Amino acid sequence: EDFFFPREGLRGTAEVTFGSRLLGGDYEYSRYLIGLETAFALLHRPLRFQAALGAVQGNAPFFERFYAADWSYFAIGPALARALELNFSTDSRYDAFLAMAGLEYGIPLWSGSAFFRRGYLALGVRGVYSTATLGGGRTDFSRSPVSGEAALRLDTPVGVFNVSAGYAVDNFL
């Protein structure tokens with residue numbers, strides 16, 4: 001019922017992407033991604049559950065594959081999250097399979113009519129597993145599948161902004 005601070009409801013997404021030389025492309029591949037997000041009350045505060053499953057088949061370009069740090073709050077090792085769609089990590093592995101599940105607890109802080117219309121404190125935990133081959137192992141770069149988050153989420157007229165402890169930790173681990 002509210003994209004910024006959902007208290008109840010369910011949102012599901014399904015994406016299929018494919019490329020083929022028959023369509024003038026340079027790659028032969030298909031990519032599948034299913035996402036689920038639901039919110040419900042816990043102690044009169046919203047608890048949001050998020051999950052995603054993905055698979056890539058064929059010779060997909062790296063930018064259509066799954067990068068574990070993009071789905072985590074932070075990664076231990078040099079697998080830094082991307083900023084402005086640029087990846088400065090020394091881990092260049094983009095995987096063919098992804099599984100992610102997470103919980104985020106929201107504590108509302110304020111609501112008003114100023115530039116920062118609403119704000120809430122988000123406390124979250126997320127588990128991510130990605131692999132290059134079905135049943136394959138993780139690399140040392142993404143060896144910790146669990147990450148946590150404490151963030152201030154801000155709703156403004158120009159979009160949502162985050163002040164994220166997880167992102168700060170990501171830059172130092």
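To be clear, the structure that these remarks concern was listed above.
In this text, all values refer to a predicted model and were calculated from it rather than measured experimentally.

What counts and how
Residues numbered from 1 in each chain as written. Predicted model: local features only at pLDDT ≥ 70, side-chain atom pairs only at ≥ 80, totals over all residues. Heavy atoms only, no water. Patch = residues over 30% accessible without salt bridge, like charges linked within 9 Å, V, L, I, M, F, W, Y side chains within 5 Å. Areas by Shrake-Rupley, 256 points an atom, 1.4 Å probe, with all protein chains shown as cover. Salt bridge = Lys/Arg side-chain N within 4 Å of Asp/Glu carboxyl O. Helix = DSSP H or I, 4+ residues; strand = E, 2+ residues; numbered from the N terminus. Pairing = 2+ DSSP bridges. Axes fitted to C-alpha atoms, helices over the stretch in contact; angles between N-to-C directions. Contact = heavy atoms within 4.5 Å. Buried < 20%, exposed > 50% of the residue type's maximum accessible area, 1.4 Å probe, protein only.

Colleague: Looking at this model, I keep getting lost on a nonpolar patch on the surface. Mind explaining?
Modeller: The grouping of Leu109, Trp110, Phe115, Phe116, Leu121, Leu123, Val158 and Phe161 at the surface amounts to a nonpolar patch, some 730 Å² of accessible area in total. Of all elements in the fold, only strand E4 (97-111) and strand E5 (118-131) reach the threshold of two or more residues within the nonpolar patch. For Phe115, the position within the fold is in the loop between E4 and E5.

Colleague: What is the right way to read the sheet that holds strand E2 (residues 29-42) from this model?
Modeller: Backbone hydrogen bonds are what pair the strands of a sheet, in a parallel or an antiparallel way. Ordered in space as E1-E2-E3-E4-E5-E6-E7, the 7 strands form an open sheet in which the pairing is antiparallel. At either margin of the open sheet sits one strand with a lone partner, and together these are strand E1 (9-19) and strand E7 (159-164). Neighbouring strand axes in the sheet, compared pairwise and without regard to direction, differ in orientation by 20 degrees on average. The pairing of E1 with E2 spans 11 bridges and is classified as antiparallel. Opposite Gly12, over in E2, you have Leu36 as the bridge partner.

Colleague: I'm lost on the environment of Arg7 in this one. Help?
Modeller: Examined against the element boundaries, Arg7 turns out to sit in the segment before E1. With residues up to four places along the chain from it excluded, the contact list for Arg7 reads Glu1, Asp2, Ala39, Phe40, Ala41 and Pro46.

Colleague: So what exactly am I meant to see when it comes to the pattern of salt bridges here?
Modeller: For side chains bearing opposite charge, pairing can occur when the charged atoms are close. Tallied over the entire structure, the rule returns 7 salt bridges. Between Glu37 and Arg11 there is a salt bridge, with the nearest N and O atoms lying 2.7 Å from each other. Here Glu37 is found in strand E2, whereas its partner Arg11 is found in strand E1, with 26 residues between them in sequence. For Glu37, a relative accessible area of 14% corresponds to the buried category. Classification of Arg11 by relative accessible area gives partly exposed; the value is 41%. In the salt-bridge network here, residues are joined through shared partners; they are Arg11, Glu37, Arg48, Glu104 and Arg153.

The values are spatial; any link to function lies outside them.
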